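# Structural overview for review
Residue strings, one per chain:
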Amino acid sequence: IQWAKHHANIVNQLSDTQQQTLRSFQDTFYDVLKVLDKTHTEVLEWTNKLDNAAYKAQEFFNNSDKEGLQRLLTGLLGHRDQTLAVHFITLVQAYLAELNNEPTEAIEIYQNIVEGPAHQKALMRLFELHIKTENINAGLNTLKTLSGINSTYVPMYADLLQSTGDIDSSVEIYTEYLLAHPDDLDSMMKLGKIFRQCEVSEGVSWTMSYILAREPDNLAAHQLLSEMGLSLEPDSTQS
């Protein structure tokens, strides 16, 4: 989305199919946000006595508002329910460490958040910090943990495994995920492209036929089959 925003002149020169692909990426991104938003809303319903502390903390962090975070931290330290507030206190302290350009300290603090309503947010920040510092193994481990908490992250985990060369694990994880989420055609397409990369024609044929059984006009699926010299499986509508 950011790339398209800053390269509008290039986007305008792309074919209709390519522009549709970009729009599809954007729609998928916003769908993911809706799922995550629902998860966070459920957490906040449980912790409403803390006045949406996690949301406030993230908003202050996103706006690089150190003073806002410090005010929030002061309020949390004085909250009557310290058993619950401590989860958000640690999260705010980690946010402040990041804004103070202390990534090592931030990582250590995030790693101390091993449970509770701030756990998922801490893992998301840990993943980003690990990737920024090119600690791919740590990033993979963090994403694996996130995937176990929220299946939304499973395709991302599979993608990162693929990018590191662990194709077998990537295919295995995508396959297991798609058995539980058969309507996620974007992930089915990604799995098909992995099969295409490995020149596994049976895998390409199966995944693209599965997609076309549900979206007969999917140009990307038709193109991938054509590139491999394959045709639509005759029984694909029974998948």
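Residues numbered from 1 in each chain as written. Predicted model: local features only at pLDDT ≥ 70, side-chain atom pairs only at ≥ 80, totals over all residues. Heavy atoms only, no water.

Quick look at the packing of aromatic side chains now. Within this structure, the stated rule accounts for four aromatic pairs. Arranged with centres 4.5 Å apart and planes meeting at 15°, the rings of Phe61 and Tyr95 form a pair that is stacked. In this pair, Phe61 sits in helix α4 (residues 53–62) while Tyr95 sits in helix α6 (residues 82–99), placing the two residues 34 residues apart along the sequence. For the pair Phe61 and Tyr95, a shared accessibility class is recorded, and that class is buried. Taken together, Phe61, Tyr95 and Tyr110 form an aromatic cluster joined through their ring pairs. The ring of Tyr55 carries the charged tip of Lys121 above its face, separated from the ring centre by 5.5 Å. For the cation-ring pair, Arg214 lies above Tyr210, with the distance from its terminal atom to the ring centre recorded as 3.6 Å. (Phe/Tyr/Trp six-rings, centres within 6.5 Å; stacked < 30°, edge-to-face > 60°. Helix = DSSP H or I, 4+ residues; strand = E, 2+ residues; numbered from the N terminus. Buried < 20%, exposed > 50% of the residue type's maximum accessible area, 1.4 Å probe, protein only. Lys NZ or Arg CZ within 6 Å of the ring centre and 35° of its normal.)

Turning our attention to the nonpolar core. One finds Leu69, Val92, Tyr110 and Met208 to be the most contacted residues of the largest nonpolar core, which totals 60 residues. Element by element, the count of residues in this core is highest for α6, at eleven residues. With residues near it in sequence (within four places) discarded, Val92 still touches Ala57, Leu69, Leu72, Leu73 and Leu76. (Core = buried A, V, L, I, M, F, W, Y, C linked by side-chain atoms within 4.5 Å. Contact = heavy atoms within 4.5 Å.)

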